[in-house]
There are 2 protein chains.
Amino acid sequence: MIYRRVALIGLGLIAGSIALAAKRRGLAREVVGTARTAETRATAARIGLVDRVTETAVEAVEGAELVILCVPVGAMEAVAREIGPKLAPGTVVSDVGSVKQAVTDAVAPHLPEGAVFIPAHPLAGTEHSGPESGFATLFENRFCVLTPHDAPRDEVARYRQFWEGMGANVDEMDPAHHDRVLAVTSHVPHLIAYTMVGVADDLRRVTNSEVIKYSAAGFRDFTRIAASDPTMWRDVFLNNTGATLEILGRFTEELFALQRAVRKGDGEHLHDYFTRTRAIRRGILEAGQDTDAPDFGRVKKD
Amino acid sequence: MIYRRVALIGLGLIAGSIALAAKRRGLAREVVGTARTAETRATAARIGLVDRVTETAVEAVEGAELVILCVPVGAMEAVAREIGPKLAPGTVVSDVGSVKQAVTDAVAPHLPEGAVFIPAHPLAGTEHSGPESGFATLFENRFCVLTPHDAPRDEVARYRQFWEGMGANVDEMDPAHHDRVLAVTSHVPHLIAYTMVGVADDLRRVTNSEVIKYSAAGFRDFTRIAASDPTMWRDVFLNNTGATLEILGRFTEELFALQRAVRKGDGEHLHDYFTRTRAIRRGILEAGQDTDAPDFGRVKKD
Ligand SMILES: NC(=O)c1ccc[n+]([C@@H]2O[C@H](COP(=O)([O-])OP(=O)(O)OC[C@H]3O[C@@H](n4cnc5c(N)ncnc54)[C@H](OP(=O)(O)O)[C@@H]3O)[C@@H](O)[C@H]2O)c1
Ligand SMILES: NC(=O)c1ccc[n+]([C@@H]2O[C@H](COP(=O)([O-])OP(=O)(O)OC[C@H]3O[C@@H](n4cnc5c(N)ncnc54)[C@H](OP(=O)(O)O)[C@@H]3O)[C@@H](O)[C@H]2O)c1
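Residue positions within a chain follow its written sequence, with the count starting from 1. Each chain takes a letter, starting from A, and each ligand takes a number, starting from 1, following the order in which they are written. Confidence filtering applies because this is a predicted model: local features only for residues at pLDDT of at least 70, side-chain atom pairs given and counted only at 80 or more, and all residues used for totals across whole chains, interfaces and linings. With hydrogens and water excluded, all non-hydrogen atoms of the structure serve as input to the side-chain values.

### Observations regarding the relation of the copies chain B and chain A
The following threshold applies: Residues below a pLDDT of 70 in either copy are left out; the C-alpha atoms of the rest, at least 70 in both, set the least-squares superposition of the copies.
For the match of chain B to chain A, the screw axis carries a shift of 0.0 Å, the RMSD comes to 0.0 Å, and the turn is 180°. A rotation of that kind, with that shift, is consistent with a two-fold axis.

### Points about the site of ligand 2
All names here are of chain B. Formally: Here a residue is considered near a molecule or strand provided that any single heavy atom belonging to it is located within 4 Å of it. In protein, a polar contact requires one atom able to donate a hydrogen and another able to accept it; more generally it is a pair of N or O atoms within 3.5 Å, and residues adjacent in sequence count only if both atoms are side-chain atoms. To measure how exposed things are, a 1.4 Å probe is used in the Shrake-Rupley method; for residues, cover is taken only from the protein chains shown. Under the DSSP-based scheme used, a helix requires at least four consecutive residues in state H or I and a strand at least two consecutive residues in state E, with every element numbered from the N terminus. Gly falls in the polar group here, along with every residue not listed as nonpolar (Ala, Val, Leu, Ile, Met, Phe, Trp, Tyr, Cys, Pro) or charged (Asp, Glu, Lys, Arg).
Looking at ligand 2, there are 26 residues lining it, with L11, T37, T40, V71 and S98 nearest. Residue L11 places a main-chain N or O atom 2.7 Å away from an oxygen atom belonging to ligand 2. A distance of 2.8 Å separates an oxygen atom of ligand 2 from a polar backbone atom of I14. Burial of ligand 2 by the protein chains amounts to 84% of its free accessible area of 910 Å². Of all the secondary-structure elements, those providing two or more residues to the shell around ligand 2 are α1 (13–24) and β7 (120–122). Residues that form the shell around ligand 2 fall into these classes: 14 nonpolar, 11 polar and 1 charged.

### What to know about the domain arrangement of chain A
Residue and element names in this part refer to chain A. The test is simple: How far each domain reaches was decided by an automatic or database domain assignment. Contacts were defined at the residue level, with two residues in contact if any of their heavy atoms lie within 4.5 Å. Simply put, the buried area is the total loss of 1.4 Å probe accessible area from both parts when two parts are fitted together. We define a salt bridge as a contact between a side-chain nitrogen of Lys or Arg and a carboxyl oxygen of Asp or Glu at a distance within 4 Å.
Segmentation of chain A into domains returns domain 1 (3–173) and domain 2 (177–286). For domain 1 and domain 2, the distance between their C-alpha centres works out to 31 Å. Contact with domain 1, which involves 16 residues of that partner, is made by 15 residues of domain 2. Buried surface at the junction of domain 1 and domain 2, both sides included, amounts to about 1,200 Å², of which 66% is carbon and sulfur. Counting the contacts that link domain 1 with domain 2 gives 0 salt bridges. Here domain 1 and domain 2 share 5 residue pairs in polar contact (both at pLDDT 80 or more) between them. Considering only residue class, the side of domain 1 that touches domain 2 consists of 8 nonpolar, 6 polar and 2 charged.

### Re the site of ligand 1
All names here are of chain A. For ligand 1, the set of nearby residues contains 26 residues, the closest of which are L11, T37, T40, V71 and S98. The separation between an oxygen atom of ligand 1 and a polar side-chain atom of T37 is 2.6 Å. T40 is positioned with one of its side-chain polar atoms (N or O) 2.5 Å from an oxygen atom of ligand 1. Considering ligand 1 on its own, with 910 Å² of exposed area, one finds that the protein chains cover 84% of that surface. Broken down by secondary-structure element, the contributors of at least two residues to the shell around ligand 1 are α1 (13–24) and β7 (120–122). The residue inventory of the shell around ligand 1, partitioned by class, reads 14 nonpolar, 11 polar and 1 charged.

### A short note on unusual backbone geometry
If a residue is not glycine, its phi is most likely negative; likewise, a peptide bond is most likely trans. All names here are of chain B. To keep it simple, the criterion reads: Only protein chains enter the area calculation, which uses a 1.4 Å probe; residues under 20% of their type maximum are buried, those over 50% are exposed, and those in between are partly exposed.
Of note in this structure, N141 is not a glycine but carries a positive phi near 65°. Inspection of the secondary structure assignment puts N141 in the loop between β7 and β8 (143–146). With a phi angle near 50°, H149 is a residue other than glycine that sits in the positive phi range. Within the fold, H149 resides in the loop between β8 and α6 (153–165). We classify H149 as exposed; its relative accessible area is 71%.

### Some thoughts on the pattern of salt bridges
Scanning the model with the defined rule gives 32 salt bridges over all chains in all. Between A:R5 and A:E30 there is a salt bridge, with its nearest N and O atoms 2.9 Å apart. With A:R5 in strand β1 (residues 3–9) and A:E30 in strand β2 (residues 28–34), this pair connects stretches of sequence that are 25 residues apart. Here A:R5 falls in the partly exposed class, since its relative accessible area comes to 23%. The shortest N-O distance in the salt bridge between B:E132 and B:R46 comes to 3.9 Å. Highlighted residues: B:E132 in the loop between β7 and β8 and B:R46 in helix α2 (residues 38–46), separated in sequence by 86 residues. Both residues of the pair, B:E132 and B:R46, belong to the exposed class.

### Observations regarding the packing of aromatic side chains
As a reminder, the rule being used: Only Phe, Tyr and Trp rings take part, Trp by its six-membered ring, and two of them pair if their centres are within 6.5 Å. Stacked means planes under 30 degrees apart, edge-to-face means over 60, and tilted covers everything else. Working rule: Lys NZ or Arg CZ, within 6 Å of ring centre, within 35 degrees of ring normal, means a charge sits over the ring.
The full count for this structure, using the stated rule, is 21 aromatic pairs over all chains. On the numbers, 6.5 Å between centres and 85° between planes, the contact of B:Y159 with B:W163 is edge-to-face. Of this pair, B:Y159 and B:W163 both sit in helix α6, 4 residues apart, which is roughly one turn of that helix. For B:Y159, a relative accessible area of 0% gives the class buried. Pairwise contacts between aromatic rings join A:Y3, A:F139, A:Y159, A:F162 and A:W163 into one cluster. Cation over ring: B:R276 sits above B:Y273, and NZ or CZ is 4.9 Å from the ring centre.

### Considerations on the side chain of B:T195
Considering the arrangement of structural elements, one finds B:T195 in helix α7 (residues 175–202). Among the polar contacts listed, one links the side chain of B:T195 to the backbone oxygen of B:L191, at a separation of 2.7 Å. Those residues in contact with B:T195 that sit more than four places away from it in its chain are A:F251, A:E254, A:L255, A:L258 and A:Y273.

### Comments concerning the side chain of A:T252
Relative to the helices and strands, A:T252 is located in helix α11 (residues 241–264). Setting aside its immediate chain neighbours within four residues, A:T252 contacts B:L255, B:F256 and B:Q259.

### A closer look at the interface of chain B and chain A
Opposite the 99 residues of chain B that make contact, chain A presents 99 residues. Here chain B and chain A share 0 salt bridges between them. At the boundary of chain B and chain A, one finds 12 residue pairs in polar contact (both at pLDDT 80 or more). Looking at the side of chain B that touches chain A, the elements that each hand over two or more residues are β8, α7, α8 (208–213), α9 (220–225), α10 (230–239), α11 (241–264) and α12 (267–286) of chain B. With 21 residues, α7(B) is the single largest residue contributor to the side of chain B that touches chain A. Here the residues of the side of chain B that touches chain A are counted per class, giving 48 nonpolar, 25 polar and 26 charged.

### Section: the packing of α11(A) against α7(B)
Heads up, the rule is: Here an angle of 0 to 180 degrees is reported between the N-to-C directions of two axes, which are lines fitted to C-alpha atoms, with helices fitted over the stretch in contact. Working definition: roughly parallel below 35 degrees, roughly antiparallel above 145 degrees, roughly perpendicular at 65 to 115 degrees, and oblique for all remaining angles. In this scheme the handedness of a crossing depends on how the near helix is turned from the far one: anticlockwise by less than a right angle means left-handed, clockwise means right-handed.
Two elements in contact, α11(A) and α7(B), have axes whose closest approach is 9 Å; the angle formed by their N-to-C orientations is 125°. As far as their axial angle goes, α7(B) and α11(A) are oblique. The chirality of how α11(A) crosses α7(B) is right-handed. Contacts between α11(A) and α7(B) involve A:I247, A:R250, A:F251, A:E254, A:L255 and A:L258 from the former and B:L191, B:I192, B:T195, B:M196, B:V199 and B:D202 from the latter. When grouped by side-chain class, the residues that make up the contact of α11(A) with α7(B) number 8 nonpolar, 1 polar and 3 charged.

This is the structure in structure tokens:
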């Protein structure tokens, strides 16, 4: 047992997976949780997702050693403002938001002096959401990035253990750097996948049923991405604007160069480009970060 | 048995898979094959990929009832020019090129009067290539598009049986329409995946090792695509220029609109867009074209 009581604010995919993993691995004696709507709270209570469901966030954090904010990035500040005044000194506060600088800036000012703030981002998810989508193995063998800033080292070590106990590999990083890395490896890839699916959906000369039928040829995983929660992703882009726009700028620059090569019939440019990109794939395979079963970073239920 | 002798020109992923599937399913009494380099021919002979390896394409097509061109799209014309004069009347000639209009235009003029030309495109592949990458189940439950134009219906029906025998679902289409559909479902998605990987590889502020390490978060399947054969994909873009540029134009238009929404903080636009793209995913699931195991249209060896 690492924490006596853990409070989860929000009871969706990530909170549900934390609750199930923490209980299965014996990392918390009690897991308490709350969600915005009565419906989600009722579902969580019915399926026994947490030990206790409270009506409000303020009730949830009462007596908790660890509080994790598991709501969309854009909702973090309001939650922090609500619970801040009620947090006992020494409480560890964390979040699981996919953006770290904006969440840190939004949450930190509302926490009392004695609270220990350790933002986190587990690099694991599926395209499903809600209280029934969580599962205990979601974080196994996935990275979890902490951006602890100046939190006491012993508390950071303890919180690391919590994530490692759920099977994650934990790394520490500066929040701005996290946002830049994730813009490349996750945020912009998601935006272009959403775009590509939008284009397909718009076409009149190729029917939707054809797109659907022949989607096996490369497009299908884009549609999986484009089925992810709209609120979560809206908030990611609204809160990682700088890095997203920077990487998008690079992306369109490169795309235009390739487009020009296609238009001009410059096979050498295309061949060179396609040869160069092979190396990075080799690196990923060598780093043991992929198997023969691609999943676009998503995990299956066990 | 559907054909007595099948000749495969080219002995890579697709040809190898045809050879193995046709023999396993008893669709051809003899499969003969040839490749450009002595090395590939020697490998194919050593692993018994086909019944007989010939030195030249002309030798391979001698006495064949069905000849399938399994070389990159840009190499189809030269092969057709070489074998055309040697084809017996009634020989069925096909190809497996990922582009259909350009291949049809390049190959047809070189075929003799009595030959039956039925272009084909199996929508199946992996990122691997070469004579050792083929496997007998590659086409199972995948679509194979035929663009038979005015080929005799009985010969089309017979050739359909050949692909159905290998486990494929066969559809017929006009070649230009095929190219437009595939531009959306395969060619442009591949181009933007190549681009995204190129961008990541170029960045100096995010290291390659970080990109590799955290690639689980959405980017990884892009790298799989970007490991595909450079020659094959160069030829696809050089030969499906019109449809590629048309879809790319639509793509950048949509991307710019989303980029503007990110810059302006227009959450409503983003949320609406991300909500709309969910529907197409539902369609794909309902059409039975995906399971919980994404693979970017690629197939695993059994
Ligand atoms: N899904 C992923 O792939 C993934 C991966 C890593 C990190 N994350 C991050 O994890 C966080 C949660 O994501 P999730 O996938 O678990 O989402 P989810 O399944 O949609 O759950 C979100 C939870 O937040 C609550 N909520 C939503 N809006 C709220 C608001 N305005 N005020 C208070 N509560 C609100 C919801 O309550 P109701 O159900 O009552 O509406 C729900 O319980 C997000 O910050 C996301 O960026 C997600
Ligand atoms: N891979 C896929 O995902 C996929 C899917 C559907 C359709 N296709 C289409 O199938 C065709 C073959 O692809 P593949 O994946 O099987 O490729 P592959 O594994 O690279 O094999 C290509 C074969 O073509 C030969 N070849 C290459 N260049 C040639 C040239 N200039 N002249 C004569 N022969 C040449 C090669 O001979 P050497 O080995 O001796 O060089 C090799 O035997 C392409 O038209 C492609 O568009 C591919």
